[in-house]
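Structural overview for review
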Amino acid sequence: RFHHTSISHLFSCSKTVSDEKYQDPFQLGRKDLKNLYEDIKKELLVSTAELKEMCDYYFDGKGKAFRPMIVVLMARACNIHHNNSREVQASQRSVAIIAEMIHTASLVHDDVIDDANSRRGKMTVNQIWGERKAVLAGDFILSAASVALARIGNTAIISVLTQVIEDLVRGEFLQLGCKENENERFAHYLEKTFKKTASLIANSCKAVSILGCPDPKVHEIAYQYGKNVGIAFQLIDDVLDFTSCADHLGKPTAADLKLGLATGPVLFACQQFPEMNAMIMRRFSKPGDIERARKYVLQSDGVQQTTYLAQRYCHEATREISKLRPSPEREALIQLTEMVLTRDK
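The paragraphs below set out a description of the structure included in this document. (Residues numbered from 1 in each chain as written. Predicted model: local features only at pLDDT ≥ 70, side-chain atom pairs only at ≥ 80, totals over all residues. Heavy atoms only, no water.)

Let us now look at a nonpolar patch on the surface. A cluster of nonpolar side chains, namely I113, V169, F173 and L176, defines an oily patch on the protein surface of about 420 Å² accessible area. With respect to the helices, strands and loops of the structure, L176 is situated in helix α8 (residues 155–176). (Patch = residues over 30% accessible without salt bridge, like charges linked within 9 Å, V, L, I, M, F, W, Y side chains within 5 Å. Areas by Shrake-Rupley, 256 points an atom, 1.4 Å probe, with all protein chains shown as cover. Salt bridge = Lys/Arg side-chain N within 4 Å of Asp/Glu carboxyl O. Helix = DSSP H or I, 4+ residues; strand = E, 2+ residues; numbered from the N terminus.)

The periodicity of an α-helix, 3.6 residues per turn, causes residues three or four positions apart to be oriented the same way. Taking 1.5 Å per residue as the helical rise, α8 with its 22 residues ought to reach 32 Å, and the 32 Å between its terminal C-alpha atoms agrees with that figure. Listing the buried residues of α8 in full gives I157, V160, L161, V164, D167, L168, G171, E172, L174 and Q175. Taken down its axis, α8 places every buried residue within 160° of arc, on the same side. Turned more than 90 degrees away from the buried face of α8, the exposed residues are T155, F173 and L176. On its buried side, α8 packs onto α5 (90–114), α7 (131–152) and α9 (182–212). Where α8 begins, one side-chain oxygen reaches toward the backbone nitrogen of A156, 2.9 Å away; that side chain belongs to N154. (Expected span 1.5 Å × (residues − 1). Buried < 20%, exposed > 50% of the residue type's maximum accessible area, 1.4 Å probe, protein only. Arc of directions from axis to C-beta. Contact = heavy atoms within 4.5 Å. Polar contact = N/O pair within 3.5 Å; in protein donor to acceptor, adjacent residues only side chain to side chain.)

Moving on: unusual backbone geometry. Notably, N35 is not glycine yet its phi reads approximately 65°, a positive angle. The topology assignment puts N35 in the loop between α1 (25–33) and α2 (36–43). Within the chain, R283 stands out as a residue other than glycine whose phi angle is a positive 55°. On the secondary structure map, R283 appears in the loop between α14 (276–281) and α15 (289–299).

Moving on to the environment of T337. Within the fold, T337 resides in helix α17 (residues 328–342). Those residues in contact with T337, other than ones at most four positions away along the chain, are Y225, V229, C314, A317 and T318.

Attention shifts here to the pattern of salt bridges. A pair can form between side chains of opposite charge whenever their charged atoms are brought close. In total, this model carries 20 salt bridges according to the counting rule given. Here E329 and R86 are joined by a salt bridge, their closest N and O atoms 4.0 Å apart. Taken together, the residues E329 in helix α17 and R86 in the loop between α4 (66–83) and α5 connect sequence positions 243 residues apart. For E329, a relative accessible area of 4% puts it in the buried group. Given the relative accessible area of 42%, R86 is considered partly exposed. Across the pair R170 and E166 runs a salt bridge whose closest N-O atoms are separated by 2.8 Å. Here the residue R170 and the residue E166 both occupy positions in helix α8, the gap between them amounting to four residues, near one helical turn. Residue E166 is classed as partly exposed on the basis of its relative accessible area of 36%. Among the ionic contacts, a cluster of salt bridges with common partners joins D32, R76, R86 and E329.

Here's what the structure looks like:
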């Protein structure tokens with residue numbers, strides 16, 4: 001049921017943005033994200049020099065700030081939809097900061113779990129300072145995010161964003177597990193993808209919509225947009241693990257196979273090469289498994305099928321956000337779905 005023949009409608013989302021209306025999301029969101037990393041560092045006021053150095057390591061201002069940018073664009077789009085206000089509230093900007101902090105803490109912890117040695121083209125925190133200190137640094141960033149969240153003083157927002165932290169943990173547990181039943185595998189993979197990647201974007205979007213507009217329909221639009229974009233983002237990430245070179249990606253390729261993970265391209269390839277089932281069950285642990293699995297994926301249409309699936313999620317995100325009143329920010333969020341699909345790192 002994951003073979004999609006009607007490709008034409010998948011690309012229709014690109015037609016929604018006419019050339020005159022084209023908005024570069026990064027340009028549009030830049031004003032609200034000015035000094036983002038300085039503000040994050042203010043949240044991380046620490047007594048010990050080493051902990052400060054570790055926390056500052058990933059907040060170097062070189063990240064794309066993809067998540068905070070979606071959050072501030074969503075805030076503006078919802079504010080304009082509600083009462084034509086073009087300003088981002090301070091509490092909405094705080095949500096963007098908190099989202100980036102939670103995301104970064106999860107990266108620090110992920111790198112420990114995966115024993116990763118590179119991230120964003122440089123050595124990981126666990127490689128430099130060791131696993132124990134890396135775990136504590138991730139915990140510290142999460143605690144600082146929690147303090148910032150409490151300062152917003154809105155119980156609905158606290159509830160929505162603490163759900164993200166729960167989902168991250170549950171998603172990591174799902175990733176550690178493996179489904180024996182082939183039919184359950186794809187659902188397991190998509191649930192893991194939602195919890196580990198999309199929940200943060202979905203719930204952050206929902207949080208700023210709650211702060212900007214009282215209409216529950218708008219909250220649902222914001223949530224659905226974030227969820228669909230988040231899943232598409234991860235699907236493309238899983239594709240790039242097979243198609244991009246390590247230098248370009250900033251981390252080793254075939255990393256997921258090395259971790260024993262069967263992502264979208266592998267699960268689709270398995271339909272054409274059933275002999276991969278045994279490899280999936282033993283988490284590509286036998287000598288030669290990783291190379292063979294990679295070869296099967298590239299011989300199959302696994303990469304193409306995963307890309308089509310990502311296009312479907314982006315199409316759904318566009319359909320949702322198009323329910324809001326037109327604004328440059330709404331158009332930028334539509335444009336962002338295109339960027340998610342065409343990125344190469």
